[in-house]
Amino acid sequence: TLDDFTEEEVEGILDVSIELKRWFKSGDLRKEASALQPLLGRSVALIFQKRSTRTRLSMETGISKLGGQPIFLGSDDIQLGVNESLSDSARVISRFNDVIAARVFGHHSVEELASLSSVPVINMLSDKFHPLQLLADMMTLKEYYGSENTKGRTIAYVGDGNNMAHSFVVTSPKLGYNLRVATPNGFSTLEDVQEMGRREAKNKGTDILFTEDAQEAVEGADVIVTDTWISMGQESEKNARLKAFDGYQVTNEMAKGANSDWIFLHCLPRKPEEVSDEVFYSDRSLVWDEAENRMWTAMAYVLMCQGDDVVL
């Protein structure tokens, strides 16, 4: 999780992400960027228990741009803990690769991989945290506001108390944001994660609030964020969840109490009940920049895992 890193380390990843994006997209530097291959001769094993569009594309494309070899391992290719124990898989895969990245169901799976692997392990998503998406979100805000104008701003997260909510809770206070999290009764963030957020908020002098009132959360907010209400594996709960989340759709009406220049984030894929079209497709919405930034932050994160052994 991003709770494992200091503010300076997270900011460093974001700075490298922005530099990589500028480097690769600049016409003047394109020729030089094409020769930037710090991962040449290195491979990254990408374990996917859960399918994904943005995660797979961002990792495979980003690693390739840096000269590395991404190796996709889907649920039909490798069954963690089924045909072979997690511990044995970790030991074997880390003998072949320089980094392991895993998109899993249970957070315990990525923790066990990390404890037994001889190479760095990246959490591409678990049921508890989604650190790579959170990095992309923070990069998007840093680009939009400028590096010197993010601290003290207020983020309102409205929706399910899921892995995205948890990632905002442990990271936003660390980076100087005030945070308000609104979740329906029965769908709140985990208490241990709330304690992590309160600890960071106390250390950084920021505010953090947990509420069931969406209007209270968006009052005075600079950024409004939501996520899917029905994650993969929760399809059988759809009707009950739609009923529980009634009144949580992000609309211009909901956001009347937010700051006049508020902006919107959603990590995709989006369903209409979560946010209205007039918000999602408006100039306030930064979802497409946010999606693209999944790649640049993934690239920076993989590079960080290689430590001083690679030089930009």
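For clarity, every value in this text was computed on a predicted model and none was experimentally measured. (Residues numbered from 1 in each chain as written. Predicted model: local features only at pLDDT ≥ 70, side-chain atom pairs only at ≥ 80, totals over all residues. Heavy atoms only, no water.)

A.B. asks: Can you break down the packing of helix α3 (residues 54-65) against helix α12 (residues 287-305) residue by residue, with the values?
C.D. replies: Where α3 contacts α12, the axes come no closer than 8 Å and their chain directions differ by 50 degrees. By the angle class used here, α3 and α12 are oblique. The handedness of the crossing between α3 and α12 is right-handed. Mapping the contact onto sequence places Arg54, Thr55, Ser58, Met59, Thr61, Gly62, Ile63 and Lys65 in α3 and Ala291, Arg294, Met295, Ala298, Met299 and Val302 in α12. Here the contact of α3 with α12 is composed, by residue class, of 7 nonpolar, 4 polar and 3 charged. (Axes fitted to C-alpha atoms, helices over the stretch in contact; angles between N-to-C directions. Helix = DSSP H or I, 4+ residues; strand = E, 2+ residues; numbered from the N terminus. Parallel < 35°, antiparallel > 145°, perpendicular 65-115°, else oblique. Left-handed = near helix turned anticlockwise from the far one by under 90°. Contact = heavy atoms within 4.5 Å. Nonpolar A, V, L, I, M, F, W, Y, C, P; charged D, E, K, R; others polar.)

A.B. asks: Residues and numbers for the layout of surface pockets, please.
C.D. replies: Taken as a whole, the second largest pocket holds about 240 Å³ of empty space. Lining the second largest pocket are 14 residues, with Thr1, Asp4, Ala114, Val121 and Asn123 sitting closest to its centre. Sorting the residues of the lining of the second largest pocket by element identifies α5 (107-116), β4 (121-125) and α12 as the ones contributing at least two each. Looking at the lining of the second largest pocket element by element, the count peaks at 4 residues for α5. Considered class by class, the residues forming the lining of the second largest pocket number 9 nonpolar, 3 polar and 2 charged. (1 Å grid on protein atoms, 1.4 Å probe; cavity = no way out; pocket = protein on both sides within 12 Å on 5 of 7 lines; lining within 4 Å. Points joined across faces, edges and corners; volume = space filled by probe spheres on them.)

A.B. asks: So, the packing of aromatic side chains: which residues are in play, and what are the values?
C.D. replies: Evaluation of the coordinates by the stated rule reveals 10 aromatic pairs. Members of the aromatic cluster, each reached through a chain of ring pairs, are Phe187, Trp229, Phe245 and Tyr248. (Phe/Tyr/Trp six-rings, centres within 6.5 Å; stacked < 30°, edge-to-face > 60°.)

A.B. asks: Break down the environment of Phe5 for me, citing the residues and quoting the values.
C.D. replies: Note that Phe5 resides in the segment before α1 (7-25). For Phe5 and Gln49, which are 44 residues apart along the polypeptide, the C-alpha to C-alpha distance reads 25 Å. Aside from chain neighbours lying at most four places away, what touches Phe5 is Val10, Lys174, Tyr301 and Met304.

A.B. asks: Lay out the side chain of Glu290 with the relevant residues and their values.
C.D. replies: When you line up the elements, Glu290 lands in helix α12. Despite its burial, Glu290 pairs with no opposite charge, the nearest such side chain being Arg294 at 8.5 Å. With residues near it in sequence (within four places) discarded, Glu290 still touches Gln133, Ala136, Asp137, Thr140, Leu265, His266 and Cys267. (Buried < 20%, exposed > 50% of the residue type's maximum accessible area, 1.4 Å probe, protein only. Lys, Arg positive; Asp, Glu negative; His and termini not counted. Salt bridge = Lys/Arg side-chain N within 4 Å of Asp/Glu carboxyl O.)

A.B. asks: Go over the sheet that holds β4 with me, naming the residues and quoting the values.
C.D. replies: Judged by pairing direction, the sheet is parallel, and its 4 strands sit side by side in the order β2-β1-β3-β4 without closing on themselves. Across the chains shown, the open sheet's two edge strands, defined by having one partner strand only, are β2 (69-73) and β4. For this sheet, the mean angle separating the axes of adjacent strands, direction not counted, is 20 degrees. Sheet topology note: the strand β3 (residues 99-103)/β4 ladder contains 4 bridges and is parallel. Looking at β4, one finds that Ala101 is bridged to Ile122. (Pairing = 2+ DSSP bridges.)

A.B. asks: Break down the nonpolar core for me, with residues and values.
C.D. replies: In this structure, Leu20, Met59, Met138, Leu141, Ile155 and Phe168 are the most contacted members of the largest nonpolar core, which totals 58 residues. No other element matches the 9 residues that α12 contributes to this core. (Core = buried A, V, L, I, M, F, W, Y, C linked by side-chain atoms within 4.5 Å.)

A.B. asks: Before we move on, could you go through α1 and cite the residues and values that matter?
C.D. replies: Its 19 residues give α1 an end-to-end C-alpha distance of 27 Å, which sits within 8% of 27 Å, the value for a rise of 1.5 Å per residue. All of the buried residues along α1 are Glu7, Val10, Glu11, Ile13, Leu14, Ser17, Leu20, Lys21, Trp23 and Phe24. (Expected span 1.5 Å × (residues − 1).)

A.B. asks: How would you summarise empty space enclosed by the protein if you had to cite specific residues and measurements?
C.D. replies: Counted under the stated rule, the structure contains 1 cavity of 30 Å³ or more. Looking at the largest cavity, its volume works out to about 40 Å³. Sorting the residues of the lining of the largest cavity by element identifies α1 and α6 (131-145) as the ones contributing at least two each. Residues of the lining of the largest cavity, tallied by class, amount to 4 nonpolar, 1 polar and 2 charged.

By themselves these figures say nothing about function.
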